[in-house]
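Close look at the chain arrangement
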Amino acid sequence: MSAAARTVMCLRLRPADGGPLGAREYAGVLALLGGITPAVQALPPDAALADVRGALRYFGCDAVRLAALVRVRALALYGVDAAVGVAGNPMLARAAVREAAPGATLVVPGEASAVREFLVDKPVVTLDGVGPKAARTLCSYGLDSVGRVAAAPPAALRRILGARLGREVHERALGIDRTPVRPGAAARAVAAERSFERDELDPVRHRRALLALTEELGAKLRTQGGGQVCRGLALTVRCADRTTLTRTRTLAEPTAHSAALTAVAYALYEGLGLQRARVRALSLRAEELLPAERAARQLSLDPEDEKARRLEAVTDRVRARFGHRAIARGTLAA
């Protein structure tokens, strides 16, 4: 693959100390990327896209060397480690960074055969535009992998998904993504993921991971961007047999309260019926974000709920001052 084809980088950022990514560090890495290319798109809370086509010519190097430079500077200046995915378009770059190891760069070569090989066994939700509803529809026709979607007749996909989405999904299954990197555009969602060291059968460990995820998501929502709340929550379960299960739910009211998020996450988990499933990873995504000041909250008459919210505010202040590891639930420390 020529260097010119490696135009888009996707970075996934994690502090070297293992804590959550702070707003200052995230803004610093975005500014660092902005010094290399003007085409930088923030993907809060911990990722970014950068079109580096011009930067490669300017610095006279390939994308792997440029990614190494960015990683070294991010670590030296902000204590942030980065996994990097490099590809010819944003969709492939995002898919690559999900498989890249921390502190490493994964490149998807530009040749059509290499792109097909990279995508062939991935679940259909890897494709931009394929949400849970579209994925269920495709799977009902046996089109549960990107390779099978790519091999399907385009006319059949248009009948199944509609003319516009069917055409776009077929193109993306072939590795074609016409979406540009949009400077200044931010995602309206935040996500967190936990991977198990080995395929996990124990529902107690599943629920403990969900509790950790909702604590992390709640803290991110309350402390980033002046305070945010979410209207929806999505749970994704990756199993040992490479299947991916996703469930979403619209919340009764927008919230960033960790206890409320935990209750919804547990309900989504129970609805999947994973009694004997070997789970490889769990991820939660808070969707439809809006500023906290714009959200109305029904007053609670439960003193325990109000006590939990006050304790949550104190916990956020302690973590902001002393770091994420300064305080944790006893159930998570066990």
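The structure contained in this document is the topic of the report that follows. All values reported here derive from a predicted model rather than from experimental measurement.

Here the focus is helix α3 (residues 63-78). With 16 residues, α3 extends 22 Å between its outermost C-alpha atoms, agreeing within 8% with the 22 Å of an ideal straight helix rising 1.5 Å per residue. Among the residues of α3, those classed as buried are A63, L66, A67, V70, R71 and A74. Seen from one end, α3 has its buried residues packed into an arc of 140 degrees, which puts them on one side. Exposed residues on α3 whose side chains face more than 90 degrees from its buried face are R65, V72 and A76. The elements touched by buried residues of α3 are β1 (8-15), α1 (23-34), α2 (53-59), β4 (80-87) and β5 (105-107).

What follows deals with the packing of aromatic side chains. For the coordinates displayed, the defined rule picks out 1 aromatic pair. A cation over an aromatic ring shows up here: K122 above the ring of F118, its NZ or CZ 3.9 Å from the ring centre. One cation-aromatic arrangement involves R207 over Y266; the distance from NZ or CZ to the ring centre is 3.9 Å.

A separate point is the packing of helix α6 (residues 132-140) against helix α8 (residues 154-161). When two helices pack together, their arrangement is given by the angle between the helix axes and by the axis-to-axis distance. Here α6 crosses α8 at 125 degrees, and the two axes come no closer than 10 Å. Taken together, the axis directions place α6 and α8 in an arrangement best described as oblique. Considering the relative orientation of α6 and α8, their crossing is right-handed. Residues A134, T137 and L138 of α6 form the contact with α8, whose own contacting residues are L157, I160 and L161. Here the contact of α6 with α8 is composed, by residue class, of 5 nonpolar, 1 polar and no charged.

The rules behind each value
Residues numbered from 1 in each chain as written. Predicted model: local features only at pLDDT ≥ 70, side-chain atom pairs only at ≥ 80, totals over all residues. Heavy atoms only, no water. Helix = DSSP H or I, 4+ residues; strand = E, 2+ residues; numbered from the N terminus. Expected span 1.5 Å × (residues − 1). Buried < 20%, exposed > 50% of the residue type's maximum accessible area, 1.4 Å probe, protein only. Arc of directions from axis to C-beta. Contact = heavy atoms within 4.5 Å. Phe/Tyr/Trp six-rings, centres within 6.5 Å; stacked < 30°, edge-to-face > 60°. Lys NZ or Arg CZ within 6 Å of the ring centre and 35° of its normal. Axes fitted to C-alpha atoms, helices over the stretch in contact; angles between N-to-C directions. Parallel < 35°, antiparallel > 145°, perpendicular 65-115°, else oblique. Left-handed = near helix turned anticlockwise from the far one by under 90°. Nonpolar A, V, L, I, M, F, W, Y, C, P; charged D, E, K, R; others polar.

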